[in-house]
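The lines below spell out each chain.
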Amino acid sequence: MADAIQSAGAADIAGHEFLAFKLGSEEYGIDILKVQEIRGYEAVTRIANAPEFIKGVINLRGIIIPVVDMRIKFKLGEPVYDQFTVVIILNINGRVVGMVVDSVSDVTTLTPDQVKPAPEMGTAFSTEYMIGLGTIDERMLILVDINKLMSSPEMGLIEKLAA
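Description of the structure in this document.

Considerations on unusual backbone geometry
What is expected of a backbone is that most residues other than glycine have negative phi and most peptide bonds are trans.
Then comes step 1: Of note, the phi angle at Asn49 is positive, near 65°, even though the residue is not glycine.
Then comes step 2: Along the chain, the position of Asn49 falls in the loop between strand 3 (35–40) and strand 4 (54–60).
Then comes step 3: Under the relative-accessibility criterion, Asn49 is labelled exposed at 81%.
Then comes step 4: One non-glycine residue, Lys75, lies in positive phi territory at about 55°.
Then comes step 5: Within the secondary structure, Lys75 sits in the loop between helix 2 (70–73) and strand 6 (86–92).
Then comes step 6: In this structure Lys75 comes out as exposed when scored by relative accessible area, which is 74%.

The following block contains the structure:
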């Protein structure tokens, strides 16, 4: 039954456009409709007693937004901030959040044949936040339910979304 549910989910996301980004050596994809903009990494203002993965806040045209470093959150080693480091500005149900990643590559549309259900495996985060795997020739995108991830209690950034 779980496979049927995951297969149905994979079919639902096929045809959507995904922004591909890298964290460490893995490539991830998120729904492009959640992306507000992409910015180069700039210094953030640290917030006292915030979890380590919350880098701080930035002033985005008058709106103060939290910035999360996904490399720290997923324990992918010491993050390096270079010319490729970017902040993906997400709009999750009206709440704006920044997400630091190693780099972004492209936006791709996946056909139903290119989307596979997420297997149970040891990844940097719970498969609960995976909606499938996108395969494009030799590339594999780990498709992330960014709404679910950012609104999870462990992130603590956004109140739980209405079902």
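That covers the picture; the talk isn't over yet.
Focus on the packing of aromatic side chains
Two measures describe an aromatic ring pair: the distance that separates the ring centres and the angle between the ring planes.
Then comes step 1: Following the criterion strictly, the structure yields three aromatic pairs and no others.
Then comes step 2: Judged by centre distance (4.5 Å) and plane angle (25°), the rings of Tyr41 and Tyr81 are stacked. With a gap of 40 residues between them, Tyr41 in the loop between strand 3 and strand 4 and Tyr81 in the loop between helix 2 and strand 6 connect regions that are remote in the sequence.
Then comes step 3: Relative accessible area serves as the criterion here: at 31%, Tyr81 is assigned to the partly exposed category.
Then comes step 4: Pairwise contacts between aromatic rings join Phe21, Tyr28 and Phe74 into one cluster.
Then comes step 5: One cation-aromatic arrangement involves Arg71 over Tyr81; the distance from NZ or CZ to the ring centre is 4.7 Å.
Then comes step 6: Over the ring of Phe53 we find Lys73, and its NZ or CZ is 4.6 Å from the ring centre.

Considerations on the pattern of salt bridges
Then comes step 1: Applying the stated criterion across every chain yields a total of seven salt bridges.
Then comes step 2: A salt bridge links Asp106 to Arg139, with the nearest nitrogen and oxygen atoms 3.1 Å apart. A residue pair is termed long-range when its members are at least 10 positions apart, and Asp106 in strand 8 (residues 103–109) and Arg139 in strand 11 (residues 139–144) qualify at 33 residues.
Then comes step 3: Classification of Asp106 by relative accessible area gives partly exposed; the value is 27%.
Then comes step 4: Connected through salt bridges with shared partners, the residues Glu37, Arg39, Glu42 and Arg61 form a single ionic network.

Conventions adopted
Residues numbered from 1 in each chain as written. Predicted model: local features only at pLDDT ≥ 70, side-chain atom pairs only at ≥ 80, totals over all residues. Heavy atoms only, no water. Helix = DSSP H or I, 4+ residues; strand = E, 2+ residues; numbered from the N terminus. Buried < 20%, exposed > 50% of the residue type's maximum accessible area, 1.4 Å probe, protein only. Phe/Tyr/Trp six-rings, centres within 6.5 Å; stacked < 30°, edge-to-face > 60°. Lys NZ or Arg CZ within 6 Å of the ring centre and 35° of its normal. Salt bridge = Lys/Arg side-chain N within 4 Å of Asp/Glu carboxyl O.

These values are about where atoms sit, not about what they do.
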